[in-house]
Amino acid sequence: MIEPVVTRPAVPFDAAFAVPLVQQTIGKVGLALTGADSDTGAARAMLGFFPLRGNRLSYQNVQIAARGPEPLGLLLAYPGAQAHALDDPFRERLASLGLPAQVESEGTPGELYLDTLAVTEAARGQGVGATLLQAAAAQAGAQGLRRVGLLVEDGNRAAALYARVGFRAAGRRTLAGGSYTHLIWTLPG
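Residues numbered from 1 in each chain as written. Predicted model: local features only at pLDDT ≥ 70, side-chain atom pairs only at ≥ 80, totals over all residues. Heavy atoms only, no water.

S.K.: Help me understand unusual backbone geometry, please; the structure alone is not making it clear to me.
M.R.: In terms of backbone geometry, most residues other than glycine have negative phi values and most peptide bonds are trans. Non-glycine residue Ala 176 carries a positive phi angle of around 50°. Among the structural elements, Ala 176 can be located in the loop between β6 (168-175) and β7 (178-186). (Helix = DSSP H or I, 4+ residues; strand = E, 2+ residues; numbered from the N terminus.)

S.K.: Looking at this model, I keep getting lost on the packing of aromatic side chains. Mind explaining?
M.R.: The geometry of an aromatic ring pair is captured by the separation of the ring centres together with the interplanar angle, meaning the angle of the planes. Overall, the coordinates contain four aromatic pairs when judged by the stated rule. Centre to centre, the rings of Tyr 162 and Phe 167 are 5.4 Å apart; their planes meet at 65°, and the pair counts as edge-to-face. Of the two residues, Tyr 162 and Phe 167, neither departs from the other in class, the shared state being buried. On the basis of an interplanar angle of 45° and a centroid distance of 5.4 Å, the ring pair of Phe 167 and Trp 185 is categorised as tilted. With Phe 167 in the loop between α6 (159-165) and β6 and Trp 185 in strand β7, this pair connects stretches of sequence that are 18 residues apart. Comparing Phe 167 with Trp 185 shows no difference in burial state: the two are buried. Through a chain of ring-to-ring contacts, three or more aromatic side chains come together here, namely Tyr 162, Phe 167 and Trp 185. (Phe/Tyr/Trp six-rings, centres within 6.5 Å; stacked < 30°, edge-to-face > 60°. Buried < 20%, exposed > 50% of the residue type's maximum accessible area, 1.4 Å probe, protein only.)

S.K.: It is not clear to me how the pairing of β7 should be interpreted in this structure. Could you clarify?
M.R.: Along any regular strand, the residues point their side chains to alternate faces of the sheet. In terms of residue burial, β7 counts as a mostly covered element, since seven of its nine residues are buried. Looking at chain direction, strand β5 (residues 147-153) and β7 are connected through seven bridges and run antiparallel. Bridge pairing in β7 places Arg 147 opposite Thr 186. Examined bridge by bridge, β6 and β7 share six bridges and lie antiparallel to one another. When the sheet's bridge partners are listed, Arg 172 is paired in β7 with Thr 181. Two successive antiparallel strands, β6 and β7, enclose a turn made up of two residues, where Ala 176 displays a positive phi of approximately 50°. (Pairing = 2+ DSSP bridges.)

Everything listed here is a matter of geometry and, on its own, says nothing about what the molecule does.
This is the structure we're talking about:
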């Protein structure tokens, strides 16, 4: 019998699993956020932020999907109204590096902003992403939010999953040199 996929809140020790998966998923956004010039450099910087509170990449904003002890994916989400404040530590980092302290906050007030949804390559196609989206819906409801929002880059394979769940296009945004569709999932109730 195969164990079900369950979600749990991340802890600081999840950094070794979570951070490389986040950077692999967000790519150029991670480079812009950290001021790094490589994925390795961005992941290294993110490792410093993950165990800390009060930033977008904090373990506090992460849910881990696992089957038994094996982590399979993650959801990084926070209230859109907090996006600007959660990006302040990255503005400070960029300024300390002598770089322009400009971080484009992605979340929109009134929504739970799904910053990153990532599933390991080995676990794709097994319902892990759908389980994480249900966890996002539950998190939004617990925070009194009726919408989940995210940005999806053109050609992203997950766009089909988002459409099946009920996400609908709500405009376009440019971020870190990329073009994204802002998707909104209005939750029942």
